[in-house]
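Given next are the chains, with one letter for each unit.
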Amino acid sequence: MRTIVVLNQKGGVGKTSTTVNLGAALARQKQRVLLLDLDPQAHLTYSLGIMAHQLPRTMGAVLMGECGLMDVVRETADLSVVPASVALAGTEVDLAGVERRETRLKEALAGIDGYDFVLMDCPPNLGLLTLNAMVAGTELLVPVQPEFLALQSLGKLMETVGAIRAGWNPDLALTGIVLTRYQRHKKLNRETRRNIRDYFGDALLETTIRDNISLAEAPSFGQDIFTYKPRSNGAADYRNLALELLRRGAL
Ligand SMILES: Nc1ncnc2c1ncn2[C@@H]1O[C@H](COP(=O)(O)OP(=O)(O)OP(=O)(O)O)[C@@H](O)[C@H]1O
Ligand SMILES: [Mg+2]
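Because the structure is predicted, anything quoted here is derived from the model rather than measured.

Trainee: Could you clarify how one ought to interpret the environment of leucine 188 in this entry?
Mentor: For leucine 188, the position within the fold is in helix α9 (residues 187–200). By relative accessible area, which is 41% here, leucine 188 ends up partly exposed. Separated by 40 residues in sequence, leucine 188 and phenylalanine 148 place their C-alpha atoms 7.7 Å apart. Ignoring anything within four residues of it in the chain, the contact list for leucine 188 reads Pro146, Glu147 and Phe148.

So this is what it looks like as structure tokens:
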């Protein structure tokens, strides 16, 4: 079972889109996929048409030890999802005061099998929810929008990852950086790509996710890109990303 943390403390870079659509692409490659929503915004949950506010228990209850992951899992056509709700913001505050607050998710995942991939969608910060994901997972996938300061925020992220490795999870490895919302005709996009390549080498994945309006539209229909627009550039790019990740493990 590969456990992949989709992470970038910068907001709006495509973490949730990547978790949903990479998950759907892997499922179409006959992989069994579990998605975990660790963001109080619950965008992943709503993107898949799951009405979190109608559910009695979600990710927060799991982290507080009130129930197991499998008690709250929801099934879509081809994905298993542990939903979040806005209540997760309160859970993060409550977690700060409990024991083993950093290892709650790791413990919840310990008994889980029957999946090929677990993908975790993190909030845009390096707080306790993200920390739980980094302690629980073994691979990092970092979506980056190829714009000004992208490299700088990547540097900060890698510092944090180094600290997590040293203190909590020596197994955490960078599987790859994936460029999102890429626009080849923009010089800044091409330059940023080159800079990231110079700095991170092979950690920059070959697949880039192009800017594609269908990817922005799909969540409002509660659908992944393969259900919404299977012939779009977005579907082609996420399929390629899935194939690339199946070819390569963590670096
Ligand atoms: N390749 C793309 N082309 C066009 N729009 C995209 C693409 N990827 C993501 N978007 C849109 O950009 C916005 C931000 O994407 P997304 O929610 O995936 O980012 P995020 O990193 O999860 O954000 P947050 O940090 O708030 O959790 C969304 O409206 C999404 O639909
Ligand atoms: Mg998100």
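Trainee: Can you walk me through the UniProt feature "domain: AAA" (unreviewed entry) in the protein chain in this structure?
Mentor: Residues given the UniProt feature "domain: AAA" (unreviewed entry) here are residues 1–173. Secondary structure within residues 1–173 divides into 40% helix and 16% strand; the distance between the first and last C-alpha atoms comes to 15 Å.

Trainee: Even after reading the chapter, I still don't get the nonpolar core, so can you show me in this structure?
Mentor: Residues Leu36, Met59, Leu105, Leu109, Met120 and Ile177 are the most contacted members of the largest nonpolar core, which totals 50 residues. The element contributing the most residues to this core is helix α7 (residues 128–136), with seven residues. In this structure, leucine 36 is in contact with Met59, Leu69, Val82, Leu105, Leu109, Val118, Leu119, Met120 and Asp121, ignoring residues within four places of it in sequence. Counting residues in hydrophobic clusters, the runner-up holds 32 residues, among them Val20, Leu35, Leu141 and Val178.

Trainee: Could you clarify how one ought to interpret the state of the cysteines in this entry?
Mentor: When the sulfur atoms of two cysteines share a covalent bond, that bond is a disulfide. Counted under the stated rule, the structure contains zero disulfides. In this model cysteine 67 remains outside any disulfide bridge; the closest cysteine sulfur is found in cysteine 122, 20 Å from its own. Residue classification places cysteine 122 among the buried residues on the basis of a relative accessible area of 0%.

Trainee: How should the packing of helix α1 (residues 15–28) against helix α12 (residues 233–247) be read in this particular structure?
Mentor: The description of two packed helices rests on the angle between their axes and on the distance between the axes. Where α1 contacts α12, the axes come no closer than 8 Å and their chain directions differ by 70 degrees. In terms of their interaxial angle, α1 and α12 are classed as roughly perpendicular. Within the contact between the two elements, α1 uses Ser17, Thr18, Asn21, Leu22, Ala25 and Leu26 and α12 uses Tyr238, Arg239, Leu241, Ala242, Leu245 and Leu246. In the contact of α1 with α12, the residues fall into eight nonpolar, three polar and one charged.

Rules and cut-offs
- Residues numbered from 1 in each chain as written.
- Chains lettered and ligands numbered in written order.
- Predicted model: local features only at pLDDT ≥ 70, side-chain atom pairs only at ≥ 80, totals over all residues.
- Heavy atoms only, no water.
- Helix = DSSP H or I, 4+ residues; strand = E, 2+ residues; numbered from the N terminus.
- Buried < 20%, exposed > 50% of the residue type's maximum accessible area, 1.4 Å probe, protein only.
- Contact = heavy atoms within 4.5 Å.
- UniProt positions renumbered as here; feature names shortened; annotations may be inferred.
- Core = buried A, V, L, I, M, F, W, Y, C linked by side-chain atoms within 4.5 Å.
- Disulfide = S-S within 2.5 Å.
- Axes fitted to C-alpha atoms, helices over the stretch in contact; angles between N-to-C directions.
- Parallel < 35°, antiparallel > 145°, perpendicular 65-115°, else oblique.
- Nonpolar A, V, L, I, M, F, W, Y, C, P; charged D, E, K, R; others polar.

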